Amino acid sequence: MSLNHTFSSKTWNISHITLDPPFDQILFEHFQCSNANIANDYITAFNHQCNVIQIFARMFKTQKEDNWGLPMMSVIIKDLYSLAVKADLVAVANGEMAGSKIDACADMLMTVFRVCASDSRTSIEYTKRWGLMPIINLLFKCYFKTNKLNLCVPLIKAIETNAANKDIKDEFSIADRVTYNYFIGMRHMFKNEFKGADKCLSFAFNNCLRTSTSNKRKILICLIPVKMTLGIMPKVAILKQYNLQEFEGVVEAVKCGNIKLLNDTIEKNAAFFIRAGIYLILEKLKVITLRNLFKKIYLITGTFQIDVARFQVALNWLGLEDVDSDETECILANMINDGYIKGYISEQHKKIVVSKVTAFPKLSSFL
């Protein structure tokens, strides 16, 4: 019962079909939805699919201590989201607000979510809670698409903190867990929680099917800047393998401490980075690039007391000609305050005095 069948151009005649309720209603709405989908009337198709969800949810709720309807649920909620995306494009073209159909889709998904989440007393084998993660993944897609990430919090709690659901968290299908970890990792990334983002996105990448090249590439687009923020640089080979040459200049710039190259590369590929939602994350790499530049100066001078002027000269040489002594001191002071450098600035002697133990601590130790 999916919209992914191969349909001919003819419409469906269902007058001769007889089924007991509510299956007769579900099938009627499904065929109405299919006919509208064939005619490219996506808004009508979406409305009929919403009816399918509502009828199914009412029926599924009455099935005590049984979860036989989960496979059917999995199909109809995926069809609902697919139609919502198409219907939203049509709605926007008709002058409606973007995301209106996605919001309606999320509301429908929540009706099924509540049915599954409330089934907490049924045994593991027959509980409807096995349907939670597939629904949550689709809700994540809705909320990320409409930029309502705050609505993800109760969904995460349903899996991570609910005692009954924690027991089955790692028993969901690997496909569902990969999708779940991808969105959780994205949320960590947007909150600047890079260790959490690295853990989740790495799980998603490592467990995604090798044949799913496009999905692995999508995960890498977020995972690469997260790992770079933690001081882990990707190999050029993996960038070429997944056609991510946009990052090559970024990696080279961060490694060499070339802030001008980083700025130029980000600006050159700004459209790609903005579309991927990682532009602001890449902006955070600027401080790491400066850290690597200053570390090189520290290693070249071979002393723990370095003139601030040396850093200024390096910045001016790299094209930041408007950076004066005061601004250089400000950059160094912020990096010390944020933990990128261990030391202090001597205003009297215009020097930075760095730690003799660990002048430049590992990024993963404080980020």
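These figures come from a predicted structure and were not determined experimentally.

**Student:** Can you lay out helix α9 (residues 194-207) for me, pointing to particular residues and giving the numbers?
**Tutor:** Under the 1.5 Å per step criterion, the end-to-end length of α9 is 20 Å for 14 residues, consistent within 8% with the ideal 20 Å. Inspection of α9 places F194, A197, D198, C200, L201, S202, A204 and F205 among the buried residues, and these make up the whole buried set. Buried residues along α9 sit in contact with α8 (174-190), α10 (213-229), α11 (236-241) and α15 (279-283).

**Student:** Describe the nonpolar core, listing the residues and the values that go with them.
**Tutor:** Formed by 117 residues in total, the largest nonpolar core has its most connected members in L109, I135, F140, L244, F247 and F294. A per-element tally of this core places helix α2 (residues 42-62) first, with 12 residues. Leaving out residues up to four positions away in the same chain, L109 has contacts with I77, L80, I135, L138, L139 and C142.

**Student:** Outline the environment of K296, listing residues and values.
**Tutor:** As for its placement among the helices and strands, K296 is situated in helix α16 (residues 285-301). A C-alpha to C-alpha distance of 45 Å links K296 and K157, two positions 139 residues apart in sequence. In contact with K296, not counting residues within four places along its chain, are K255 and C256.

**Student:** Talk me through helix α17 (residues 308-317); I want residue IDs and the actual numbers.
**Tutor:** Because the α-helix completes a turn every 3.6 residues, residues three or four places apart line up on one side. Those residues of α17 lying buried are V308, F311, Q312, A314 and L315. All buried residues of α17 project into a common sector of 160° when viewed along the axis, lining one side. Of the residues in α17, the exposed ones pointing more than 90 degrees away from the buried face are V313 and W317. The elements touched by buried residues of α17 are α16, β1 (305-307), α18 (325-338) and β3 (351-354). In the segment just after α17, G319 is the residue with positive phi, at about 105°.

**Student:** Break down the packing of α9 against α10 for me, citing the residues and quoting the values.
**Tutor:** Taken N-terminus to C-terminus, the directions of α9 and α10 make an angle of 150°; their axes are 9 Å apart at the nearest point. When the axes of α9 and α10 are compared, the pair comes out roughly antiparallel. Taken as a pair, α9 and α10 cross one another with a handedness that is left-handed. Across the interface between the two elements, F194, A197, D198, L201, S202, A204 and F205 of α9 pack against K216, I219, L220, C222, L223, V226, K227 and T229 of α10.

**Student:** Which residues make up the pattern of salt bridges, and what values go with them?
**Tutor:** On inspection of all chains with the given rule, the structure shows 10 salt bridges. Among the ionic pairs, K350 bridges to E347, the shortest N-O distance being 4.0 Å. Several salt bridges share partner residues, and in doing so they unite E329, E347 and K350 into one network.

**Student:** Describe a negative patch on the surface, naming the residues involved and giving the relevant values.
**Tutor:** The grouping of E321, D322, D324, D326 and E327 at the surface amounts to a negative patch. Turning to its location among the elements, D326 is positioned in helix α18.

**Student:** Explain unusual backbone geometry to me, using residue names and the numbers behind them.
**Tutor:** Its identity as a non-glycine residue notwithstanding, N147 has a phi of 60°, on the positive side. With respect to the secondary-structure elements, N147 resides in the loop between α5 (132-145) and α6 (152-160). Overall, the relative accessible area of 64% leaves N147 in the exposed class. Even without being a glycine, K350 presents a positive backbone phi close to 55°. Residue placement: K350 occurs in the loop between β2 (343-346) and β3. Assessed through its relative accessible area of 37%, K350 is described here as partly exposed.

**Student:** Which residues make up the pairing of β2, and what values go with them?
**Tutor:** In this structure, β2 lies alongside β3, joined through 4 bridges in antiparallel fashion. Bridge pairing in β3 links S346 to K351. The hairpin turn running from β2 into β3, its antiparallel successor, is 4 residues long, and K350 in that turn takes a positive phi close to 55°.

**Student:** I'd like to hear about the pairing of β3, residue by residue, with values.
**Tutor:** Looking down a regular strand, the side chains alternate between one sheet face and the other. As judged from the 3 bridges shared by β1 and β3, these two strands associate in the antiparallel manner. Looking across to β3, one finds that D307 is bridged to K351.

**Student:** Give a description of the packing of aromatic side chains that names residues and reports values.
**Tutor:** With the rule as written, the count across this model stands at 15 aromatic pairs. Arranged with centres 5.1 Å apart and planes meeting at 55°, the rings of F144 and F183 form a pair that is tilted. Taken as a pair, F144 in helix α5 and F183 in helix α8 lie far apart in primary sequence, 39 residues in all. For the pair F144 and F183, one class covers both residues: buried. Geometrically, the ring pair formed by Y298 and F360 is tilted, given 5.5 Å between the ring centres and 45° between the ring planes.

**Student:** Could you give an account of the confidence of the model for the protein, naming the residues involved and the relevant values?
**Tutor:** Per-residue confidence for the protein gives a mean pLDDT of 91, with 94% of residues at or over 70. Confidence drops under pLDDT 50 across residues 5-9; counting only partners more than four residues distant or on other chains, this segment forms 6 contacts.

**Student:** Tell me about the layout of surface pockets, and please be specific about residues and values.
**Tutor:** Roughly 1100 Å³ of volume is contained in the largest pocket. Taken together, 34 residues make up the lining of the largest pocket; nearest its centre are K141, Y182, F183, N215 and K218. Within the residue set of the lining of the largest pocket, elements represented by two or more residues are α3 (70-93), α5, α8, α10 and α14 (270-276). A breakdown of the residues in the lining of the largest pocket according to their chemical character gives 20 nonpolar, 7 polar and 7 charged. The computed volume of the second largest pocket comes to approximately 220 Å³. Residue lining of the second largest pocket: M133, E160, K169, D170, R177, Y180, N181, I184, K199, C200 and F203, and that is the complete set. Listed by contribution, the elements that provide at least two residues to the lining of the second largest pocket are α8 and α9.

Definitions and cut-offs
Residues numbered from 1 in each chain as written. Predicted model: local features only at pLDDT ≥ 70, side-chain atom pairs only at ≥ 80, totals over all residues. Heavy atoms only, no water. Helix = DSSP H or I, 4+ residues; strand = E, 2+ residues; numbered from the N terminus. Expected span 1.5 Å × (residues − 1). Buried < 20%, exposed > 50% of the residue type's maximum accessible area, 1.4 Å probe, protein only. Contact = heavy atoms within 4.5 Å. Core = buried A, V, L, I, M, F, W, Y, C linked by side-chain atoms within 4.5 Å. Arc of directions from axis to C-beta. Axes fitted to C-alpha atoms, helices over the stretch in contact; angles between N-to-C directions. Parallel < 35°, antiparallel > 145°, perpendicular 65-115°, else oblique. Left-handed = near helix turned anticlockwise from the far one by under 90°. Salt bridge = Lys/Arg side-chain N within 4 Å of Asp/Glu carboxyl O. Patch = residues over 30% accessible without salt bridge, like charges linked within 9 Å, V, L, I, M, F, W, Y side chains within 5 Å. Areas by Shrake-Rupley, 256 points an atom, 1.4 Å probe, with all protein chains shown as cover. Lys, Arg positive; Asp, Glu negative; His and termini not counted. Charge placed at Lys NZ, Arg CZ, Asp CG, Glu CD. Pairing = 2+ DSSP bridges. Phe/Tyr/Trp six-rings, centres within 6.5 Å; stacked < 30°, edge-to-face > 60°. pLDDT = per-residue confidence, 0-100. 1 Å grid on protein atoms, 1.4 Å probe; cavity = no way out; pocket = protein on both sides within 12 Å on 5 of 7 lines; lining within 4 Å. Points joined across faces, edges and corners; volume = space filled by probe spheres on them. Nonpolar A, V, L, I, M, F, W, Y, C, P; charged D, E, K, R; others polar.

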